[in-house]
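Each chain, letter by letter, is given below.
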Amino acid sequence: MLSEFLVITVGAILVNNFVLSKFLGICPFLGVSKKLDTALGMSGAVVFVMTLASLVSSLINSFLLVPMKLEFLQTLVFIVVIASLVQLVEIILQKLSAKLYDSLGIFLPLITTNCAVLGCVVLNAKSAPDSIQSTWYGATIYGFCSAVGFSLALVLFSSLREKLDLANVPKAFEGTAISLVTAGILAMAFLGFSGLV
Amino acid sequence: MSLALIAILSVGVIGVLLGVIIGVVAKVFAVEIDERIEKVEELLPSANCGGCGYAGCMDFAKAVVSEKATVDQCPVCSPDDIKNIAEYLGIVAEEKEKMVAVVKCGGTHSVAVSAKYNGVADCKSAVLVAAGGKGCAFGCLGMASCSRACPFDAIEMRDGLAIVHEALCVGCGKCVETCPRNLIDLVPAKAEVHVFCNSPEKGAEKMKVCKASCIGCRKCVKAAEEGQMKVEGFLVSVNYDNPPPAGLVEAAACPTQCLKTAKAHAAPVGSEA
């Protein structure tokens, strides 16, 4: 039991990192990684949305969709759930931290269409029926860990980009080009974790 | 019960439930928004061009209401719009002058070609590769970067040359930032005459590559009143603080016809404006 959790945790954060080895959620990875502060805020929002989305979707999936043989509705229902969760986060965040709300800007509502969130939820729903990931608590933990993995990649990358801003980059590589090169090298570094689980 | 009915029912119930939750949370966490922001945004042109330096009309409206910006910073607003907004907010707005963009080049495809450029069709890319294909190192590259950047479709590409249509241009300045050659200037709309050349090279050198260049003959300088034209090296330009009248074009009889009115420059080929 415990070892299964450990496998999920290490697997989701390091080995099968959503951004760096599954290549999901690349848009916010490149879009909100210019400053570490914003990256941390975005990470917080994604962790919240992904964990809750995993929990709610898993509950709906295993107690409503599967027993009623409505699996074909999975994508539709999951998107509705994710969209409303993002809406909730937006409303709450605007009240609690207007500054963070402003700095996240358009990327907050865009979590709705963040493929990492939908990807995580769908992976949970499609996992083997006897695995821990198909239970509601397993799914929640997987969602949380995937989001932590996403955050790790985002924070690492934004720290790198803050340093890169000060570096003397050849003119042809400035801006997006050097960012994409850096992202590629980071992904290769994470390849070193493969085989860990 | 058929499967379709169950499907419709369950999705409906989930939707309504989530909707109710969002509704309740929105009430509990309601943020008071200054109603003036919405009203000012309504009065703004909603072009969302970013010409004011803010992220959009909404953002600009916020800045105006919180007095971080003044209404006349909006380049798209007509004087009437500005007056309306200022009246609504109870402030006095200053009169502003309408600005338009001018591409200071008259070199079409007829300009001598130094090399054939086969790369990405974008001015910034063309400049990186040995300064583009045209023989003139100061003129329009003709890859339409400014035309694509213009939110108002005011820049036409004709024969490899960017031409601004004054009636459509609102002076937001998007194109000015885009041009890698810094060819585009925002000038007062009341100035009718422009020198459509940007090359500081000697007249003879220029004529080798472009028949529409300013050869620095100073005919226009002599024909104009003192201070209306400026001469820098071999290039004459209009002094936009004191622009010459449209009649100068005829009086000067520019031998290369690079001195002309913006109207004539933008007029359709073949018609005399």
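Rules used throughout
Residues numbered from 1 in each chain as written. Chains lettered and ligands numbered in written order. Predicted model: local features only at pLDDT ≥ 70, side-chain atom pairs only at ≥ 80, totals over all residues. Heavy atoms only, no water. Helix = DSSP H or I, 4+ residues; strand = E, 2+ residues; numbered from the N terminus. Buried < 20%, exposed > 50% of the residue type's maximum accessible area, 1.4 Å probe, protein only. Contact = heavy atoms within 4.5 Å. Areas by Shrake-Rupley, 256 points an atom, 1.4 Å probe, with all protein chains shown as cover. Phe/Tyr/Trp six-rings, centres within 6.5 Å; stacked < 30°, edge-to-face > 60°. Lys NZ or Arg CZ within 6 Å of the ring centre and 35° of its normal. 1 Å grid on protein atoms, 1.4 Å probe; cavity = no way out; pocket = protein on both sides within 12 Å on 5 of 7 lines; lining within 4 Å. Points joined across faces, edges and corners; volume = space filled by probe spheres on them. Nonpolar A, V, L, I, M, F, W, Y, C, P; charged D, E, K, R; others polar. Buried area = accessible area lost by both parts, 1.4 Å probe. Polar contact = N/O pair within 3.5 Å; in protein donor to acceptor, adjacent residues only side chain to side chain. Salt bridge = Lys/Arg side-chain N within 4 Å of Asp/Glu carboxyl O. Core = buried A, V, L, I, M, F, W, Y, C linked by side-chain atoms within 4.5 Å. Pairing = 2+ DSSP bridges. Axes fitted to C-alpha atoms, helices over the stretch in contact; angles between N-to-C directions. Parallel < 35°, antiparallel > 145°, perpendicular 65-115°, else oblique. Left-handed = near helix turned anticlockwise from the far one by under 90°.

## Comments concerning the overall build of chain A
Alright, step 1. Helix and strand counts for chain A stand at 8 helices and 0 strands.
Alright, step 2. In chain A, which comprises 197 residues, the share counted as buried stands at 44%.
Alright, step 3. Considering only intrachain contacts with a sequence separation of at least 6, the fraction spanning at least 24 residues in chain A is 75%.
Alright, step 4. If you sum the accessible surface of chain A, you get close to 9700 Å²; carbon and sulfur atoms cover 72% of it.

## Some words on the packing of aromatic side chains
The geometry of an aromatic ring pair comes down to the distance between the two centres and the angle between the two planes.
Alright, step 1. For the structure on display, the rule yields 6 aromatic pairs over all chains.
Alright, step 2. Summarising the aromatic geometry, the rings of Phe29 of chain A and Phe157 of chain A are spaced 4.4 Å apart at their centres and angled 20° between planes, so their arrangement reads as stacked. Taken together, the residues span a long stretch of sequence, with Phe29 of chain A in helix α2 (residues 26-31) and Phe157 of chain A in helix α7 (residues 136-166) at a distance of 128 residues.
Alright, step 3. Residue Phe29 of chain A is classed as buried on the basis of its relative accessible area of 2%.
Alright, step 4. Given the relative accessible area of 0%, Phe157 of chain A is considered buried.
Alright, step 5. Among the aromatic residues, ring-to-ring pairing joins Phe5, Trp136 and Tyr137 of chain A into one connected group.
Alright, step 6. Cation over ring: Lys39 of chain B sits above Tyr88 of chain B, and NZ or CZ is 5.9 Å from the ring centre.

## Quick word on empty space enclosed by the protein
All names here are of chain B.
Alright, step 1. For the structure shown, the criterion picks out 6 cavities of 30 Å³ or more.
Alright, step 2. Approximately 110 Å³ is the volume found for the largest cavity.
Alright, step 3. In terms of lining, the largest cavity is formed by 16 residues, of which the most central are Cys105, Cys136, Gly139, Cys197 and Cys210.
Alright, step 4. Residues belonging to the lining of the largest cavity are distributed by class as follows: 8 nonpolar, 6 polar and 2 charged.

## Examining the interface of chain A and chain B
One frequently used descriptor of interface size is the decrease in accessible area upon assembly of the parts.
Alright, step 1. Taken together, the contact pairs 20 residues of chain A with 16 residues of chain B.
Alright, step 2. When chain A packs against chain B, close to 1500 Å² is buried across both sides, 88% of that on carbon and sulfur atoms.
Alright, step 3. On inspection of chain A and its partner chain B, the count reaches 1 residue pair in polar contact (both at pLDDT 80 or more).
Alright, step 4. Ranked by residues supplied to the side of chain A that touches chain B, first place goes to helix α4 (residues 74-96) of chain A with 12 residues.
Alright, step 5. By residue class, the composition of the side of chain A that touches chain B is 14 nonpolar, 3 polar and 3 charged.

## A few points about the pattern of salt bridges
Residue and element names in this part refer to chain B.
Alright, step 1. Inspection of every chain in the model, using the stated rule, returns 4 salt bridges over all chains.
Alright, step 2. With a shortest N-O distance of 3.1 Å, Lys104 and Asp185 are connected by a salt bridge. With Lys104 in the loop between β1 (99-103) and α5 (123-128) and Asp185 in strand β4 (residues 184-188), this residue pair connects regions lying 81 residues apart in the sequence.
Alright, step 3. For Lys104, a relative accessible area of 17% corresponds to the buried category.

## Description of the environment of Lys263 of chain B
All names here are of chain B.
Alright, step 1. With respect to the helices and strands, Lys263 occurs in helix α11 (residues 262-266).
Alright, step 2. Lys263 sits in the exposed class, given a relative accessible area of 65%.
Alright, step 3. Taking the C-alpha atoms as reference, Lys263 lies 7.7 Å from Glu192; in sequence the two are 71 residues apart.

## Regarding the nonpolar core
Alright, step 1. Leu20, Phe29, Met42, Met50 and Ile111 of chain A are the most contacted members of the largest nonpolar core, which totals 58 residues.
Alright, step 2. With sequence-adjacent residues up to four places away left out, Leu20 of chain A is seen in contact with Phe29, Ala153, Ala183, Leu186, Ala187 and Phe190 of chain A.
Alright, step 3. Grouped together as the second largest cluster of nonpolar side chains are 22 residues, Val102, Cys140, Ala154 and Val187 of chain B included.

## Let's talk about the layout of surface pockets
Alright, step 1. Quantified by volume, the second largest pocket comes out at close to 370 Å³.
Alright, step 2. Residue composition of the lining of the second largest pocket, by class: 7 nonpolar, 2 polar and 4 charged.

## Looking at unusual backbone geometry
Residues apart from glycine generally show negative phi values, whereas peptide bonds are mostly found in trans.
Residues and elements named next belong to chain B.
Alright, step 1. Phi is positive for Ala144, which is not a glycine, with a value near 65°.
Alright, step 2. Inspection of the secondary structure puts Ala144 in the loop between α5 and α6 (145-149).
Alright, step 3. Classification of Ala144 by relative accessible area gives buried; the value is 16%.
Alright, step 4. The residue Asp159 is not glycine, and still its phi comes out positive at about 55°.
Alright, step 5. Along the polypeptide, Asp159 turns up in the loop between β2 (155-158) and β3 (161-164).
Alright, step 6. What makes Asp159 partly exposed here is its relative accessible area of 46%.

## Overview of the pairing of β1 of chain B
Residue and element names in this part refer to chain B.
Alright, step 1. A large share of β1 lies buried, amounting to 4 of its 5 residues.
Alright, step 2. Pairing analysis gives 5 bridges linking β1 to β4, with the strands arranged antiparallel. Bridge assignment links Met99 to a residue of β4, and that residue is Pro188.

## Some details on the packing of helix α2 (residues 35-43) of chain B against helix α3 (residues 57-65) of chain B
All names here are of chain B.
Alright, step 1. Contact pair α2 / α3: the axes reach a minimum separation of 8 Å and the direction vectors enclose 125°. As the angle between them shows, α2 and α3 are arranged oblique. As for how α2 packs across α3, the hand of that crossing is right-handed. Contacts between α2 and α3 involve Arg36, Ile37, Val40 and Glu41 on the former and, on the latter, Cys57, Met58, Ala61, Lys62 and Val65.
Alright, step 2. Of the residues assigned to the contact of α2 with α3, the class counts are 6 nonpolar, no polar and 3 charged.

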